[in-house]
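# Structure at a glance
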Amino acid sequence: MFNPNTGSYELRLNPVADDSQSRYGSRRTSAPRQRSSSPQDSAATPAEPGAGERSGGRAAERARSRAGDRSGERAGDRPGSRSARRAESRLPSQRRGRAAERAGSDGKGGGGRGRRKAKRQLSGKQKALRIGGGIVGFALIAGCVSGYVWYQKLNGNINKIDVGENNPAVKNGPVNILVIGTDARSGKGNTGYGDKGSVGHADTTFLFHVSKDRSNATALSIPRDMITDIPSCQTTLKDGSKKTIPGQRQVRFNTSLGQSERDPGCTWRTVEKLTGVEIDHFMMADFNAVKQLSTAVGGVEVCTRKPIKDPKSHLNLKAGKHTVKGEQALAFVRTRHAVGFGSDLDRIKLQQQFLSSMIRKMKSGDTLTSPSKLLDLSDVATKALTVDTGIGSVKKLMALANDLKRVNVKNITFATVPVVDNPNDPATVVLNKQKAEPLFKMVQQDKSMTGKDKKQAAAKPKAKKAPASEVNVSILNGGGPSGAAAETVDYLLNKGAGNAASGGNAPQELAKTRLEFAPSQEEKAARLADMLKLPASALKKTDRVGKSMALTLGRDFTGPGKPLGAPDKAPSGVEKVNANDKNVCAK
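Keep in mind that this is a model prediction, so the values were computed, not measured. (Residues numbered from 1 in each chain as written. Predicted model: local features only at pLDDT ≥ 70, side-chain atom pairs only at ≥ 80, totals over all residues. Heavy atoms only, no water.)

## A closer look at the overall build of the protein
Which entries qualify depends on this criterion: Starting at the N terminus, helices and strands are each numbered in turn, a helix being any DSSP run of H or I of at least four residues and a strand any DSSP run of E of at least two. For the exposure calls, accessible area comes from a 1.4 Å probe over protein chains only, and a residue counts as buried if that area is under 20% of its type's maximum, exposed if over 50%, partly exposed in between. Note that accessible areas follow from Shrake-Rupley with a 1.4 Å probe, and for residues the cover is restricted to the protein chains shown.
Along the protein, the regular secondary structure elements total 15 helices and 25 strands. Of all 587 residues assigned to the protein, the portion counted as buried reaches 41%. For the protein, the accessible area works out to roughly 32700 Å², and carbon and sulfur atoms hold 51% of it.

Structural data, given as structure tokens:
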């Protein structure tokens with residue numbers, strides 16, 4: 001008990017007979033015991049101011065114990081007596097335990113000399129358990145501290161760029177991530193590669209689409225030498241200021257990054273315009289990332305059907321399977337002159353094979369069950385990546401990774417955007433619209449290339465169909481191919497429509513085609529839907545139309561008479577590979 005007068009903790013044993021209350025809240029005797037001293041006590045205990053007045057402390061306990069020996073036990077305090085039990089019940093549990101030990105130290109329950117019971121010696125096993133417990137406890141504390149330090153370290157590794165979008169890391173719907181590999185020579189481990197003086201173009205680009213139910217994913221490779229339009233875009237400069245870069249028509253796709261100070265936001269907008277797919281996030285990596293990541297996972301298995309000796313990439317491999325990492329892994333994904341026709345399209349095949357194998361390795365038990373590999377991988381990955389602000393922290397990246405890890409490797413498909421040789425420049429290619437547009441539509445409408453999604457037939461209008469000659473419609477182009485409105489007018493008139501006219505471009509683009517009609521025009525709308533193969537979901541009854549119905553062609557419209565829904569499988573001739581195919585071999 002703490003005594004505020006002395007500033008010390010004191011032991012107070014209180015007889016039961018006294019009912020008076022002390023100012024410390026406990027009972028005390030009417031006449032406090034006086035210390036009984038002896039020559040030995042005086043010699044053993046140094047003089048201390050006020051020591052003789054203290055009723056507690058170790059010296060007082062010893063004095064009371066010796067006094068009890070000389071005067072004998074009081075009957076009321078004998079162990080087991082009613083008064084002793086009541087007195088003991090008023091003691092704190094720890095003091096009761098110690099009092100019991102003293103009482104039984106002589107084997108008879110008597111007072112004896114009041115010596116403390118000898119400490120029991122621990123067995124070797126008990127010592128080991130106590131020491132081991134201490135080590136585990138220390139490890140847990142150290143683990144928490146080091147975990148926090150490691151978390152802060154990984155957060156500091158990540159580079160972020162504000163591209164004017166701040167989408168949530170995880171959402172309830174399909175996820176589209178733009179993955180960019182840049183050929184920049186700046187930065188650690190990047191010198192000696194790429195074009196000397198390169199500003200860092202979009203050398204390798206994938207649009208990674210993950211389905212809403214996370215059952216499948218599609219990675220579209222976009223050829224760097226494809227001729228396309230680059231829209232104007234606002235970029236963030238190194239000093240944090242904003243700058244709008246004018247758009248360009250008919251230039252190489254890879255110039256959407258680096259050229260004219262364009263940042264990943266420009267590549268983002270270029271891909272959205274090209275594919276009609278809304279992007280959620282981007283991740284950008286450099287040459288060094290390939291070397292470091294391949295090393296962190298312990299190497300990546302690749303295969304080639306013939307020996308490869310590329311003087312440009314310095315890759316030298318015999319035919320067969322190999323495990324590559326570091327410099328050799330980078331050489332593999334940069335090789336093109338020694339495979340196929342020596343074009344960028346052949347290099348894309350090597351990159352798809354390499355990434356498929358790396359995904360398998362990263363999701364394998366060897367990697368996921370190795371803490372050291374996971375730590376190395378997380379450190380390397382965060383150092384290698386530049387991302388948008390929506391996933392610009394370890395917490396957000398982990399949330400995204402945990403969301404996407406549900407996709408089974410066997411349901412991931414790599415495909416290449418279909419292109420044909422450019423007749424005006426043999427060193428470049430142009431989009432093959434006939435095959436590319438159905439492929440883009442599959443991504444837009446979350447259709448799997450592995451057949452994992454459930455096929456649902458589009459509902460058709462149930463109303464009775466009026467004769468084609470009664471169809472009267474005005475057509476606007478709100479996202480369809482150029483000239484689609486005029487083409488649709490000609491198509492309908494040739495099919496016997498009473499009246500069809502083009503109204504030019506719509507005031508704003510629509511993702512999906514829409515036919516608006518008045519309640520009195522329902523049968524005419526049903527006939528028009530049948531002629532153009534429009535689903536019931538495209539029809540909208542409204543009072544805002546006049547004598548003619550209003551048809552707005554959306555981004556899902558590819559041509560008159562063609563179904564708006566995405567095809568169930570990729571068009572024939574589209575280059576694709578399954579990520580779980582371990583038999584893919586470079587030709």
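## Considering the sheet that holds strand S7 (residues 226–230)
Heads up, the condition is: At least two DSSP bridges between two strands are required for those strands to pair. Note on geometry: axes are lines fitted to C-alpha atoms, helical ones only across the stretch in contact, with angles between N-to-C directions running from 0 to 180 degrees.
Strand order in the open sheet formed by four strands is S10-S7-S19-S18, with mixed pairing between adjacent strands. Since the sheet does not close on itself, it has two edges, and those belong to strand S10 (248–252) and strand S18 (419–421), each with one partner. Strand-to-strand twist of the sheet, defined as the mean angle between neighbouring strand axes without regard to direction, takes the value 40°. Pairing analysis gives two bridges linking S7 to strand S19 (residues 429–431), with the strands arranged parallel. Across the sheet, residue Met 226 finds its bridge partner in S19, namely Val 429.

## Concerning the state of the cysteines
This is how the line gets drawn: Pairs of cysteine sulfur atoms within 2.5 Å are what we label disulfides.
Counted under the stated rule, the structure contains two disulfides. Residue pairing for Cys 233: its cysteine sulfur links by disulfide to Cys 266, the two sulfurs lying 1.9 Å apart. Classification of the bridge connecting Cys 233 and Cys 266 rests on its S-S torsion, roughly 85°, and on that basis the disulfide is right-handed. Of this pair, Cys 233 sits in strand S8 (residues 233–236) while Cys 266 sits in helix H6 (residues 264–275), and the two are 33 residues apart along the sequence. Assessed through its relative accessible area of 0%, Cys 266 is described here as buried.

## Focus on the nonpolar core
Filter applied, for reference: Take the buried residues of types Ala, Val, Leu, Ile, Met, Phe, Trp, Tyr and Cys, join any two whose side-chain atoms come within 4.5 Å, and each joined set is a nonpolar core. A contact between two residues is defined here by any heavy atoms of the two lying within 4.5 Å.
Ranked by size, the top nonpolar core spans 30 residues in total, and within it Leu 178, Leu 220, Ile 222, Val 271 and Met 449 carry the most contacts. Of all elements in the fold, only strand S4 (175–182), strand S5 (202–210), H6, strand S11 (281–285) and helix H13 (433–444) reach the threshold of two or more residues within this core. Per-element accounting of this core gives the leading share, five residues, to H13. Not counting residues up to four positions away in its chain, the partners in contact with Leu 220 are Thr 205, Phe 206, Leu 207, Ala 415, Val 417, Leu 439, Phe 440, Val 443 and Met 449.

## Some words on unusual backbone geometry
Backbone geometry at Gln 250 places phi at a positive 55°, although glycine is not the residue there. Checked against the element boundaries, Gln 250 lands in strand S10. Backbone geometry places Asp 446, a non-glycine residue, at a positive phi of 60°. Take Asp 446: it is sitting in the loop between H13 and strand S20 (472–477).

## Looking at the pattern of salt bridges
Inclusion rule: Here, a salt bridge means any side-chain nitrogen of Lys or Arg that lies within 4 Å of a carboxyl oxygen of Asp or Glu.
In this structure the tally under the stated criterion is 21 salt bridges. Salt-bridge contacts for Asp 379 lead to Lys 383; the nearest nitrogen and oxygen are separated by 3.5 Å. Note that Asp 379 and Lys 383 are positioned in helix H11 (residues 371–384) at a spacing of four residues, about one turn of the helix. A residue is classified by how much of its surface remains accessible, and Lys 383, at 48% relative accessible area, is partly exposed.

## Let's talk about the sheet that holds strand S3 (residues 159–161)
One open sheet accounts for eight strands, arranged S3-S16-S11-S4-S5-S6-S17-S25; its pairing is mixed. Edge positions in the sheet fall to S3 and strand S25 (576–578), since each of these pairs with one other strand and no more. The average angle at which neighbouring strand axes cross in this sheet is 20°, direction not considered. Two elements, S5 and strand S6 (residues 217–221), share five bridges in a ladder whose sense is antiparallel.

## What to know about the side chain of Ser 393
If you trace the backbone, Ser 393 turns up in the loop between strand S16 (386–388) and helix H12 (394–404). Beyond its immediate stretch of four places on either side in the chain, Ser 393 contacts Asn 155 and Ile 158.

## Focus on the packing of helix H8 (residues 327–334) against helix H9 (residues 344–362)
Packed helices, taken two at a time, are described by their axes: the angle between them and the distance between them. Selection criterion: An angle below 35 degrees is treated as roughly parallel, one above 145 as roughly antiparallel, one from 65 to 115 as roughly perpendicular, and anything else as oblique. We call Asp, Glu, Lys and Arg charged. Ala, Val, Leu, Ile, Met, Phe, Trp, Tyr, Cys and Pro are nonpolar, and the rest, Gly among them, are polar.
Their axes nearest at 7 Å, the elements H8 and H9 cross at an angle of 135°. Here H9 runs oblique to H8, going by the angle between their axes. On H9, the residues that touch Ala 329, Phe 332, Val 333 and Arg 334 of H8 are Arg 347, Leu 350, Gln 351, Gln 353 and Phe 354. Class assignment for the residues of the contact of H8 with H9 results in five nonpolar, two polar and two charged.

## A word on the side chain of Arg 214
Just so we agree on the cut-off: For this analysis, a polar contact is any N or O atom pair within 3.5 Å, provided that within protein one partner can donate a hydrogen and the other can accept it, and provided that sequence-adjacent residues contribute only side-chain to side-chain pairs.
Note that Arg 214 resides in the loop between S5 and S6. Within polar-contact distance, the side chain of Arg 214 engages the backbone oxygen of Lys 171 at 3.0 Å. For Arg 214, the side chain forms a polar contact with the main-chain oxygen of Lys 212, separated by 3.2 Å.

## Brief notes about the confidence of the model for the protein
Heads up, the rule is: Predictor confidence is given residue by residue as pLDDT, running from a minimum of 0 to a maximum of 100.
Per-residue confidence for the protein gives a mean pLDDT of 79; residues scoring 70 or more make up 70%. Taking the mean pLDDT of every element in the protein, the minimum, 40, falls on helix H1 (residues 39–44) and the maximum, 98, on S7. Counted against residues more than four places away or in other chains, residues 13–113, with its pLDDT under 50, gives 94 contacts. Throughout residues 127–146 the model reports pLDDT below 50, and contacts reaching past four residues in sequence, or to other chains, amount to two contacts.

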